[in-house]
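Take a look at the letters that make up each chain.
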Amino acid sequence: MFILNRRTFMELTVGTAVTALAGPVSSFAAGHASADVFTADPFGGLVDSTVVAGEEKLLLIDAQFTVPNAERLADVLAATGKELETVFITHYHPDHHLGLPVIKQRFPDARVVAHASIQPSLAGAAEAMRAGSAGAFPEGMIADSVIIPEALEGDHLMLEGERFDIVGPMHGDTDVLTPVHLPQLDTLVAADLVYHDTHVWTAENTTPDRIAKWRESLTALEGLGAGTVIPGHRTETTVNDASGFAFMRTYLDHWEAALAETGSADELKASMIERVGALPGEFFLDRGVAAAKG
């Protein structure tokens with residue numbers, strides 16, 4: 001059992017026509033030796049989807065945002081020749097689940113689930129998030145329907161007899177996130193508790209108490225000791241390791257200090273760019289600034 005990365009993907013698809021992957025496939029093209037995942041292009045929010053491969057079946061954690069990225073992810077899944085058994089959605093933010101209709105169309109037998117703590121939020125908000133996203137993107141970029149995950153019974157996922165524990169729920173860039181620990185693979189799928197080398201969605205963390213809760217979650221996750229840490233968002237070349245925790249703590253330190261020291265939205269954004277540099281994902285920063293300073 002392994003997490004699909006460029007090396008294992010190429011081994012699985014020797015002799016298979018993969019012309020559908022002519023577009024960029026993000027981290028699959030980066031050639032890291034560590035356990036990499038499918039990372040969206042910047043237009044898709046640089047969101048990660050993790051593919052865990054067993055002997056015959058696959059587990060997918062998070063399902064992308066835009067149709068083009070979900071289609072490329074589906075191509076990667078199909079090229080393995082394995083059965084997609086389960087799709088797990090880590091939280092209710094739309095960039096992690098609006099690609100589900102594409103995945104389900106290609107893999108209609110796959111079961112789509114979410115932890116019971118977030119399933120009601122997904123059920124209640126998915127269509128509104130889809131409609132809002134469709135209005136902000138060019139035609140065809142956002143699916144024209146939504147898939148509502150089933151509420152998962154229990155606190156773990158299974159693949160071919162292996163158990164993967166769901167951690168939390170925990171507070172991160174939103175109130176309820178459900179990371180997944182895969183100790184057999186020395187891997188933590190941190191979801192949006194961890195961003196790495198990008199701006200961070202801080203719109204729901206504009207007060208010291210909420211930022212402190214995020215820091216507490218980071219401490220708990222780091223205590224699991226996973227060698228591979230897959231963030232919710234990253235760049236194509238970011239290495240998936242525990243350095244993501246240090247990145248997050250530094251970013252949150254800068255965010256909290258900038259909130260306290262600036263008076264206007266323009267000042268806050270300028271302060272953050274001065275502190276952290278020209279990172280991708282500026283949309284995340286803009287939304288945080290708007291939430292904090294109007």
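Reference entry: report on the structure contained in this document. Each chain carries its own residue numbering, running from 1 in the written order of its sequence. With pLDDT at 70 or above as the cut-off, local features in this predicted model cover only qualifying residues; side-chain atom pairs require 80 or more to be listed or tallied, and sums for whole chains, interfaces and linings still use all residues. Processing note: side-chain calculations cover all non-hydrogen atoms of the structure and skip hydrogens and water entirely.

Secondary structure counts use DSSP, requiring at least four H or I residues in a row for a helix and at least two E residues in a row for a strand, with both numbered from the N terminus. An expected span of 1.5 Å times one less than the residue number is assigned to each helix. When the terminal C-alpha atoms of helix α5 (residues 208–222) are compared, their 21 Å separation across 15 residues agrees well with the 21 Å that a helix rising 1.5 Å per residue should span. Looking only at α5, the buried set comprises Ile-211, Trp-214, Ser-217, Leu-218 and Leu-221. Taken around the axis of α5, the buried residues stretch over an arc of 110°, which confines them to a single face. Exposed residues lying more than 90 degrees from the buried face of α5 are Pro-208, Asp-209 and Glu-216. Elements in contact with the buried residues of α5: β11 (187–196) and α6 (243–261). Any residue under 20% of the maximum accessible area for its type is buried, any over 50% is exposed, and the rest in between are partly exposed; the area is computed with a 1.4 Å probe on protein chains only. What the arc describes is the spread of directions from the helix axis to the C-beta atoms. Two residues form a contact once any of their heavy atoms are found within 4.5 Å.

With that out of the way, let us pick up the pairing of strand β8 (residues 156–159). Alternating positions in β8 separate cleanly, Leu-157 and Leu-159 being buried on one face and His-156 and Met-158 remaining unburied on the opposite face. Being paired, for any two strands, means DSSP has found at least two bridges between them. Alignment of β8 against strand β9 (residues 162–166), held across 4 bridges, turns out to be antiparallel. Residue pairing across strands places Met-158 opposite Arg-163, the latter belonging to β9. Counting the residues between successive antiparallel strands, the hairpin from β8 to β9 contains 2 residues, one of them, Glu-160, with a positive phi of roughly 50°.

What follows covers the environment of Thr-86. Here Thr-86 lies in strand β5 (residues 83–89). Taking the C-alpha atoms as reference points, Thr-86 and Leu-159, separated by 73 residues in sequence, lie 8.3 Å from one another. When near neighbours in sequence (up to four residues on either side) are disregarded, Thr-86 contacts Leu-58, Leu-59, Leu-60, Arg-111 and Val-113.

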